[in-house]
Amino acid sequence: MFVRRQSSGRTTCLIVAAIVIATMIVACVVLALALSFVSLPGSDSGESAESTATVSDVQTYEETTVSVLDVDQGQAVLVVTGDGSAALIDAGRSQERIREEIEPYVRSLGVSSLDYLILSHPDQDHVGGMPQVFESFDVGTWVDPGIPTTNQTYEESVEIVLERNIPAILARKGEMLSLGPSTTLTLLWPEDDFILDGSEPDSNENSAVVLVTVGDIDILITGDLEDEGEANLVEQMGAGLESEILVVGHHGSNSSSTPGFLDAVNPETAIISVGEDNPYGHPHDEVIQRLRFRDIDIYRTDLDGTIEIHVDGDSYDIDTVETDPGT
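> Quick one: what's the story with the pairing of strand S9 (residues 183-189), residue by residue and with numbers?
Taken residue by residue, a regular strand's side chains alternate between the two faces of the sheet. The buried fraction of S9 is high, at six of seven residues. Here strand S8 (residues 176-179) runs beside S9; their pairing, made up of four bridges, is antiparallel. Note on S9: the bridge partner recorded for Leu179 is Thr183. Here S8 folds back onto S9 in antiparallel fashion, the turn holding three residues, of which Gly180 has a positive phi close to 65°. Inspection of the sheet shows S9 paired to strand S12 (residues 209-214) by six bridges, in the antiparallel sense. From the neighbouring strand, Leu187 faces S12, where its bridge partner is Val210.

> Report on unusual backbone geometry, specifying residues and quantitative values.
Apart from glycine, the bulk of residues carry a negative phi angle, and the bulk of peptide bonds sit in the trans form. A cis amide bond, omega 10°, links Trp189 with the succeeding residue Pro190. Its location among the elements puts Pro190 in the loop between S9 and strand S10 (196-197). Positive phi values are uncommon outside glycine, yet His250 reaches one of about 55°. With respect to the helices, strands and loops of the structure, His250 is situated in the loop between strand S14 (245-247) and helix H7 (259-265). Of the residues examined, His250 reaches a relative accessible area of 14% and is grouped as buried. Phi is positive for Asn266, which is not a glycine, with a value near 50°. Assignment of secondary structure puts Asn266 in the loop between H7 and strand S15 (269-272).

> Help me get a handle on empty space enclosed by the protein, residues and values and all.
With the rule as written, the count across this model stands at one cavity of 30 Å³ or more. Taken as a whole, the largest cavity holds about 40 Å³ of empty space. In terms of lining, the largest cavity is formed by Leu88, Ile98, Ile102, Val106, Leu114, Val133 and Phe137. For the lining of the largest cavity, the element with the highest residue contribution is helix H2 (residues 95-108), accounting for three residues. Partitioned by chemical class, the residues of the lining of the largest cavity number seven nonpolar, no polar and no charged.

> Quick rundown of the packing of aromatic side chains? Include the residues and the values.
As enumerated under the stated definition, the model contains one aromatic pair in all. The interplanar angle of 40° and the centroid separation of 5.7 Å between the aromatic rings of Phe134 and Trp142 together place this pair among those described as tilted. Like Phe134, the residue Trp142 is buried in the burial classification.

> Pulling in residues and values, what's your account of the side chain of Ser120?
Considering the arrangement of structural elements, one finds Ser120 in the loop between strand S5 (113-118) and helix H3 (124-127). Of note is the side chain of Ser120, whose polar atom sits 2.8 Å from the side chain of Asp90. One polar contact links Ser120 to His126, side chain to side chain, over a distance of 3.4 Å. Filtering out sequence-adjacent residues up to four positions away, Ser120 remains in contact with Asp90, His126, Pro145, Ile147, Asn206, Ser207, Ala208 and Gly223.

> Tell me about the pattern of salt bridges, and name the residues and values.
Inspection of the entire model under this criterion finds eight salt bridges. A salt bridge links Glu135 to Arg164, with the nearest nitrogen and oxygen atoms 2.9 Å apart. With Glu135 in helix H4 (residues 130-136) and Arg164 in the loop between helix H5 (152-163) and strand S7 (168-170), the pair connects residues that are 29 residues apart, well separated along the chain. One salt bridge in this structure joins Arg300 and Asp302, with 2.7 Å as the shortest N-O distance. On the basis of relative accessible area, Asp302 is assigned to the buried category, the value being 16%. Because the salt bridges share partners, they merge into one network encompassing Asp70, Arg97 and Glu101.

> Lay out the sheet that holds S15 in plain terms, naming residues and giving numbers.
As summarised here, the arrangement of the seven strands in space is S8-S9-S12-S13-S14-S15-S16, forming an open sheet in which the pairing is mixed. In this open sheet, the two strands that pair with only one neighbour each are S8 and strand S16 (297-300). Pairwise comparison of adjacent strand axes, ignoring direction, gives a mean angle of 20° for this sheet. Each of S9 and S12 touches helix H6 (residues 227-237); the most contacted strand, S9, lies at about 110° to it.

What counts and what doesn't
- Residues numbered from 1 in each chain as written.
- Predicted model: local features only at pLDDT ≥ 70, side-chain atom pairs only at ≥ 80, totals over all residues.
- Heavy atoms only, no water.
- Buried < 20%, exposed > 50% of the residue type's maximum accessible area, 1.4 Å probe, protein only.
- Helix = DSSP H or I, 4+ residues; strand = E, 2+ residues; numbered from the N terminus.
- Pairing = 2+ DSSP bridges.
- 1 Å grid on protein atoms, 1.4 Å probe; cavity = no way out; pocket = protein on both sides within 12 Å on 5 of 7 lines; lining within 4 Å.
- Points joined across faces, edges and corners; volume = space filled by probe spheres on them.
- Nonpolar A, V, L, I, M, F, W, Y, C, P; charged D, E, K, R; others polar.
- Phe/Tyr/Trp six-rings, centres within 6.5 Å; stacked < 30°, edge-to-face > 60°.
- Polar contact = N/O pair within 3.5 Å; in protein donor to acceptor, adjacent residues only side chain to side chain.
- Contact = heavy atoms within 4.5 Å.
- Salt bridge = Lys/Arg side-chain N within 4 Å of Asp/Glu carboxyl O.
- Axes fitted to C-alpha atoms, helices over the stretch in contact; angles between N-to-C directions.

The analysis is restricted to geometry; functional conclusions fall outside its scope.
Structure follows, in structure tokens:
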């Protein structure tokens, strides 16, 4: 049973503005059509002047739903377009949770297969549920940054990809994935030259960063990217990082969400994927204060459950969903 508990109406002004603009466009079209039937002065008798009016096609978008799933202390983000195309970014730490709660929720949205299954990095709280995802859904393409690791669940996931001949993409900056008619997933990080922790690649700092774009709305998902990775993105992209919604890095750890990064992204809404009473103290108070100082709306999976973002290309609304396993 899935119970939607609340909704945000932050985009009322945008909707009103859109109605006004639409009314003006209609008026212009009517006027142009009327003028096309009026003879110009000085024209030959019985001949009407030719007048053409060109109206730019207005792009329409089917609603895309981006769900930050309640997977306890971990992360999993589902993207479902209006035509049923779907991508899953990460899978939390628990195969049981995927099987008992997340699979029923995903199927309730009409999803039976995943076009893309994306791993941000091979830490257990992001890769732990992957084997069950492969059992629950057909996967079209596996996307993975290829960070060296000894994590056995990651190794199991890669073995499944190889055994089933699932196409694979190396997650690197600049890769663009089309999903459905009007949604794009753009990889902003990592680069080939991994950030190192000593002599080994740093798993968090090389997380795959995914920008989900539907029309004018951007949703930035940063995995466990920390301060050095954030600083690199700010240096390279600056204001190009600006997004309406930020899925907060590293579950609200103080090692992420640096002031400079938050200023560059400049989100209206922040969503923190975090477990209740987790042993790490996430989200850290410093991060919450940085978000509040910037007047950013905050949602948390430990308090709100699964968080749905409904995007129509011009605006978005947010619902929170409580999932009850086995009912």
